[in-house]
Structures are given as C-alpha cells and as structure tokens.
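Residue-level listing of the chains:
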Amino acid sequence: MSITKAAEIKYQFENWLIQEAKLLDRIEFDNWYELMHSDLQYLMPVRVNKEGNERPDYSTEMFAFQDDIDTLKMRVERLKTDYAWAELPPSRTRRFVSNVDVLEYEENNYALVESYLLIYRSRTDDIHHDLISGERRDEFKYEDGSWKLSKRFFIVDQTTINTRNLAIFV
Amino acid sequence: MMIKHALPPLEKMDSEDIIQHLNDAMLPDEGKIPTYIMGSPSIHQLEKEKIFTKTWLFLGHESELPNNGDFITRDLAGYSIILNKDKNGTIRAFYNMCTHRGMKLCRADKGNKTHFTCPYHGFTFDNTGELKGVPLQKDIYGDALDKSTMALHEATIDSYQGCIFGTWNPEPEPLSDYLGDFKWYWDLLFGRAEMEAAGPPQRYVINADWKIGSDNFVGDSYHTMVTHGSIVKLGMVPSSKYSKKGYQLHTPHGHGCNIGMPNPDFAFEEHLVPEFKRNLSDEQFDVLSNIKNINGTLFPNLSFLISHTEIKGKLISNTSVRLWNPIGHDKMEVITWFFVEKEASADWKERSRESFILTFSPSGIFEQDDTEVFTDITNVGRGLVPQQKALHYTLKMGMNRTPTTNFPGPGTVYDDKFTEANQRNFYKYWLELMNS
C-alpha cells in the first residue's frame with residue numbers, strides 16, 4: 001500500500017473517532033448511537049494486576065461495560081429521562097483520541113483500529129476531575145456508505161477505576 | 001434546629017469527648033443520626049479502631065480459590081492480606097508484609113504460587129507462611145537466624161456458606177454467633193446452591209463515607225422510587241412503588257435486609273429447583289420462590305443483592321455482593337462481586353452477568369444514580385457547620401409500627417419495605433461498638 005493510501009485510511013478513522021468524541025462531549029447521544037452497527041459488542045473488561053508479565057492483564061470474564069445494540073439503546077434512552085441523576089446536569093467531558101493505528105483494513109468492508117483514549121470528566125461544582133485513560137481496539141463494518149462501529153474493546157488503565165460511576169461512554 | 005451549645009470541632013476533641021458528643025447527639029432508637037458521622041475524619045479514625053479492626057469483614061469466596069496454591073490479595077481493615085489456599089488445601093490469610101523489613105510481599109491481585117519472595121531482600125516464604133529462604137543466610141547470620149520466629153503474620157479467618165470472613169481481633173466473637181439469625185437469610189443467597197464468583201470483582205472509588213452504602217442497602221427501599229425512577233421509564237420494573245411491597249427485617253449486630261415479594265415469576269433458573277430444595281428448609285425455599293429481589297447489609301460494610309428485572313423482554317435475576325471499603329473519611333473503594341449458581345446453564349450465566357453489569361456494576365443504571373447521591377451526602381456532611389448545627393435526619397418511618405409475626409424467617413420483621421427500622425438497628429450497633 002502506498003504511503004498516501006495508508007495516510008488516507010488512517011485519516012478516515014482518526015476523523016471518525018474525533019467526530020465520535022465530539023458527539024459524546026456535546027451530549028448528542030442519539031447522533032452518536034447512529035454510528036453503531038447492529039452487531040455491536042461494546043466491552044470494557046475489568047483490569048487486573050497479574051504476576052510478572054502474565055497476559056492478558058484484564059479479565060475475560062468480567063466487564064465494566066458489556067453491551068449490545070439493545071442495551072446501549074437503553075443507556076441512551078435512560079439519559080433522556082428526568083431521573084438520570086448521575087448525569088443531571090451532564091458531566092463536562094473532553095475526550096482526547098490519539099495514537100490511531102489501523103491494523104486491518106478491507107476496503108468498504110471491515111477495519112480493525114487501535115487508539116488511545118483519555119477522558120477528562122468534570123461534574124457539577126467539584127473542583128476535582130476524573131481521568132479515565134485506556135486503549136481502544138475498535139472494529140468497524142461498512143454499511144450503507146459509511147463505517148459503523150461493530151465492536152469496541154476498551155482496556156482501561158486503572159484496576160480500581162477512579163470515577164464514581166461510568167454514566168458516560170468510553 | 002438551633003444550636004444549643006457551641007461545640008469545639010470534633011477534630012480538636014479527644015476520643016472520650018467525641019464518644020460523649022456522639023452519645024448526646026445520636027439516638028438511634030429515636031431515629032436521630034447526626035449528619036457529621038458521614039464526613040468526619042475523627043469519626044473515621046475511631047471507626048477504624050473500634051469497628052474495622054474488631055468485627056468480621058468479608059474477604060472473598062471459596063470459589064475464588066479452587067486449587068491448592070491459588071491466592072488473591074485483599075484488604076482487611078485497610079491492611080493488605082494474601083488469602084491463599086496452601087499446599088495442604090487450607091485457606092489462610094497472611095498480612096501481606098515481609099516479616100524482615102515490612103515490604104509488601106505480593107503485588108498481584110491473584111495467581112497460583114508455592115512461594116512468595118520479597119522484592120526487597122529476597123526472603124522467601126512458602127504458602128503455609130513459613131520463612132524458607134534467606135539469601136546468603138550463612139554468610140550474614142551464621143547459625144543465629146531462627147527462621148521459625150519469622151513466619152508471616154496471620155489474620156483470623158472463618159467461613160460460612162463459602163464466604164470467607166477475616167478479622168484482626170485476637171479474640172473475636174465466633175463468626176457463627178456474629179452472623180446469628182442472619183444466617184437464615186444468608187442461606188438464600190449463598191446456601192441455595194453451590195455458588196461461584198464469576199470473574200474478578202469490579203473495583204471503583206466513590207468520594208463518600210462507607211456508611212452511606214451500608215445504610216442504603218440495609219434498609220433504604222424508599223429511595224428507589226425517585227433515585228431509580230429511570231428504570232420504571234425503561235420498563236425494567238412495573239411501577240415506581242415496585243420496591244414497597246415485601247418485608248424488612250433485621251437481626252442483632254446491625255444486620256438487616258429487605259425482601260421484595262411476592263413475585264408471580266420465579267426469579268431463578270427452573271432446573272435448579274431440586275438443588276435449592278435439597279439445600280434449603282421448606283420455609284426458606286418458599287421465600288426464595290416468591291422473591292422479586294433482596295437487598296441487605298451484613299454489618300459493617302458488606303451489602304448484597306438479588307435483583308430481578310426485565311431486560312430485552314426477558315426476566316433475569318442476578319446475585320451480587322459489594323464491600324464499601326473505607327479508604328478515608330470521605331472515600332471508599334467499592335468492590336463488587338457477581339455470583340451465579342455453578343450448575344446454571346451457560347445461557348443463564350451469560351444473561352445474568354450482562355444484567356448485573358447493566359444494573360449494578362459501576363456502569364450500572366441503578367448504581368450510577370446511587371453513587372451520585374452518596375457523593376453529595378458526603379459533601380454536605382463535611383466540616384464544622386453540620387456538626388455545630390446538629391443536622392440530623394430523623395428516621396421515623398416504621399417507628400410506630402408493630403413487627404409482624406407472619407413471616408417464617410427470624411429477626412424483627414416488618415411487613416412493608418418502606419420503613420427505616422433497619423437503619424436504626426444498624427446505627428444502634430455502630431454506636432454500641434464506638435462505645436466499646
């Protein structure tokens with residue numbers, strides 16, 4: 001693959017992730033949800049401290065998120081009710097996406113993309129902030145002329161997550 | 001309420017004055033619980049001394065240690081311990097500290113080992129706690145080192161229905177007595193079938209006092225209408241008063257739970273019924289068959305839950321326990337385990353886990369809103385003003401009611417979940433221990 005072509009593909013997914021971050025940070029959850037593929041698996045495994053270099057150093061049995069397209073819809077719908085106290089008022093979040101790396105790519109079909117994610121979260125008048133940092137392994141499927149997220153695997157960097165809840169998306 | 005007497009800040013009082021002040025301000029039988037106990041560093045210091053190093057605390061479940069040599073590191077009253085099944089199959093709890101210079105011996109969450117080697121000087125202990133190896137022992141110590149005096153320190157542990165509890169108290173009340181009548185209810189969770197912890201626990205931090213979590217689970221079904229209003233809107237439960245119907249009960253030592261019933265649907269997998277019947281008394285099975293949910297707290301900080309909700313058009317229950325582990329006066333680490341019957345089908349286990357994660361994990365749509373409340377209660381309870389103004393909440397609900405005798409389980413039982421009798425019982429024992 002030419003460098004130009006590789007750069008074009010990378011740009012495409014980097015831009016996808018940046019636009020996604022923007023939607024989430026701007027509380028446009030319905031538009032964000034539209035980016036999801038109906039086969040979606042939305043996973044965030046529990047991170048564990050293992051002996052030495054034993055891998056993987058995350059659990060394959062327990063997750064902080066384990067959603068499909070239906071349960072993700074419930075989360076989005078919940079946030080629209082008058083009782084979603086955890087996000088009333090919404091957190092100010094700022095998602096920083098970097099180190100985007102396209103590992104697999106089949107034109108107009110499938111892509112596997114790794115990236116880093118840093119989420120800054122500020123709630124109400126609390127002067128402290130939460131930082132959630134980790135690595136994403138995202139899979140995309142091409143459908144109706146656009147790339148949809150079909151699998152997200154978010155490996156968080158903390159074993160004890162330092163935020164009061166995950167009422168936000170990763 | 002106006003201030004009657006100006007008091008010095010708790011932080012400037014000695015322990016005896018704090019206890020005196022507590023006894024004046026806190027009258028659990030009348031429902032008077034001062035807000036400042038939810039945010040004071042001095043109260044927390046006393047709790048560590050008088051409660052957390054004295055009572056039995058949950059460490060884990062035997063299913064987390066299936067093989068000899070398996071270990072998990074846990075926290076016992078703020079001190080790291082290694083819980084391990086030694087080479088003889090005995091489960092032991094070691095203070096996670098090398099007896100030579102105090103280095104933390106093991107820094108993994110779990111694993112399997114025959115020996116633990118200290119990263120500082122290489123002292124090596126086997127998994128029965130004996131010191132076996134000292135680098136250059138002859139050169140340095142000659143024949144003068146008595147390794148038998150340097151075994152790892154052990155905490156006292158005991159278990160009930162696979163749940164392992166530990167204590168630093170050198171003369172604890174027997175676990176069986178500590179649990180007392182509450183065992184009847186613990187059996188519904190852990191004795192109904194062979195249970196297993198599926199995966200490692202979830203861990204996250206809430207900037208809130210640990211008691212708010214215990215209080216919420218021990219008796220506060222009342223909050224569900226408002227705090228968890230969103231789940232009614234999502235159709236996961238039928239009505240906002242869903243949580244009112246049932247029983248609230250408590251036993252001595254501050255333990256208590258709420259049992260939502262009846263339930264027209266059976267909350268568990270049908271093919272497990274013979275196992276349930278073998279393990280439970282007829283009365284216990286009758287209660288289990290009719291529950292729609294149970295939530296409660298085993299004093300001081302272990303809360304538990306069976307939740308039964310409709311997800312994607314299907315009913316599914318999940319069983320979990322959580323520790324509200326204090327790591328400061330206004331901060332706790334929440335450690336939550338998901339449990340499932342070992343003999344449940346793969347499909348049930350999978351759906352039950354998904355429902356746990358969706359509802360009561362850190363991303364859980366029940367859990368999220370609780371943590372928001374817990375955090376803000378602690379914010380409000382901090383500092384001098386709550387103390388000086390003697391802010392309190394008055395837990396009157398259920399005070400003028402007579403307990404029912406029409407329930408098969410032991411304890412003081414009310415035939416309605418919207419009472420606050422359990423919180424009063426919880427704080428009564430808390431105050432008793434603070435006075436000890």
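Residues numbered from 1 in each chain as written. Chains lettered and ligands numbered in written order. Predicted model: local features only at pLDDT ≥ 70, side-chain atom pairs only at ≥ 80, totals over all residues. Heavy atoms only, no water.

1. Notes on the packing of aromatic side chains
Residues and elements named next belong to chain A. Scanning the model with the defined rule gives 40 aromatic pairs over all chains in all. Seen from their ring centres, Phe29 and Phe169 are 5.6 Å apart, and the 70 degrees between their planes marks the pair as edge-to-face. Taken together, the residues Phe29 in helix α2 (residues 29–33) and Phe169 in the segment after β6 (146–156) connect sequence positions 140 residues apart. For the pair formed by Phe29 and Phe169, the shared burial category is buried. (Phe/Tyr/Trp six-rings, centres within 6.5 Å; stacked < 30°, edge-to-face > 60°. Helix = DSSP H or I, 4+ residues; strand = E, 2+ residues; numbered from the N terminus. Buried < 20%, exposed > 50% of the residue type's maximum accessible area, 1.4 Å probe, protein only.)

2. Some points on the layout of surface pockets
In this structure, the largest pocket encloses a volume near 840 Å³. The wall of the largest pocket is formed by 38 residues, among which Ile72, Arg74, Asp109, Lys110 and Pro201 of chain B lie closest to the centre. Of all the elements in the fold, those that place two or more residues in the lining of the largest pocket are β1 (36–47) and β2 (58–67) of chain A together with β3 (70–76), β6 (110–112), β12 (195–197) and β19 (331–341) of chain B. Among the residues making up the lining of the largest pocket, the classes are represented as 13 nonpolar, 9 polar and 16 charged. (1 Å grid on protein atoms, 1.4 Å probe; cavity = no way out; pocket = protein on both sides within 12 Å on 5 of 7 lines; lining within 4 Å. Points joined across faces, edges and corners; volume = space filled by probe spheres on them. Nonpolar A, V, L, I, M, F, W, Y, C, P; charged D, E, K, R; others polar.)

3. Here's the deal with the domain arrangement of chain B
Residues and elements named next belong to chain B. Here chain B is partitioned into domain 1 (57–167) and domain 2 (180–434). The C-alpha-based centres of domain 1 and domain 2 are spaced at 33 Å. Contacts between the two partners involve 13 residues from domain 1, matched on the other side by 19 residues from domain 2. Buried surface at the junction of domain 1 and domain 2, summed over both partners, amounts to about 1,300 Å²; 65% is from carbon and sulfur atoms. Looking only at domain 1, the three residues that lose the most surface to domain 2 are Phe58, Tyr160 and Gln161, adding up to 40% of its buried area. Across the pair Arg203 and Asp109 runs a salt bridge whose closest N-O atoms are separated by 3.5 Å. Those elements that provide at least two residues to the side of domain 1 that touches domain 2 are β2 (57–61), β3 and β11 (163–167). Ranked by the residues each element gives to the side of domain 1 that touches domain 2, the list is headed by β2, at 4 residues. Each residue belonging to the side of domain 1 that touches domain 2 can be placed in one class, and the counts come to 6 nonpolar, 3 polar and 4 charged. (Domains from an automatic or database assignment. Contact = heavy atoms within 4.5 Å. Buried area = accessible area lost by both parts, 1.4 Å probe. Salt bridge = Lys/Arg side-chain N within 4 Å of Asp/Glu carboxyl O.)

4. Focus: empty space enclosed by the protein
Applying the stated criterion across every chain yields a total of 7 cavities of 30 Å³ or more. Taken as a whole, the largest cavity encloses approximately 320 Å³ of empty space. Forming the boundary of the largest cavity are 26 residues, of which Thr224, Ser243, Asn293, Phe360 and Phe366 of chain B lie nearest the centre. Residue assignment for the lining of the largest cavity shows that the elements contributing at least two residues are α6 (210–219), α7 (224–227), α8 (229–233), β16 (293–298) and β17 (302–311) of chain B. Sort the elements by how many residues they give to the lining of the largest cavity and β17 of chain B lands first, with 5 residues. When its residues are assigned to classes, the lining of the largest cavity shows 10 nonpolar, 13 polar and 3 charged. When its volume is computed, the second largest cavity comes out at roughly 60 Å³. Lining the second largest cavity, in full, are Leu24, Ile27, Phe29, Glu87, Ser91, Thr93, Arg95, Ala167, Ile168 and Phe169 of chain A. Classifying every residue of the lining of the second largest cavity gives 6 nonpolar, 2 polar and 2 charged.

5. Notes on the pattern of salt bridges
Any two side chains of opposite charge can pair, on the condition that their charged atoms come close. Summed over all chains, the structure comprises 42 salt bridges over all chains. The partner of Glu107 of chain A in a salt bridge is Lys5 of chain A, with the nearest N and O atoms 3.8 Å apart. In this pair, Glu107 of chain A sits in the loop between β3 (92–106) and β4 (110–122) while Lys5 of chain A sits in helix α1 (residues 3–25), placing the two residues 102 residues apart along the sequence. Glu154 of chain B is the partner of Arg92 of chain B in a salt bridge, and the nearest nitrogen-oxygen pair spans 2.8 Å. Of this pair, Arg92 of chain B sits in strand β5 (residues 91–95) while Glu154 of chain B sits in strand β10 (residues 154–160); the two residues are 62 residues apart in sequence, bridging distant segments of the chain.

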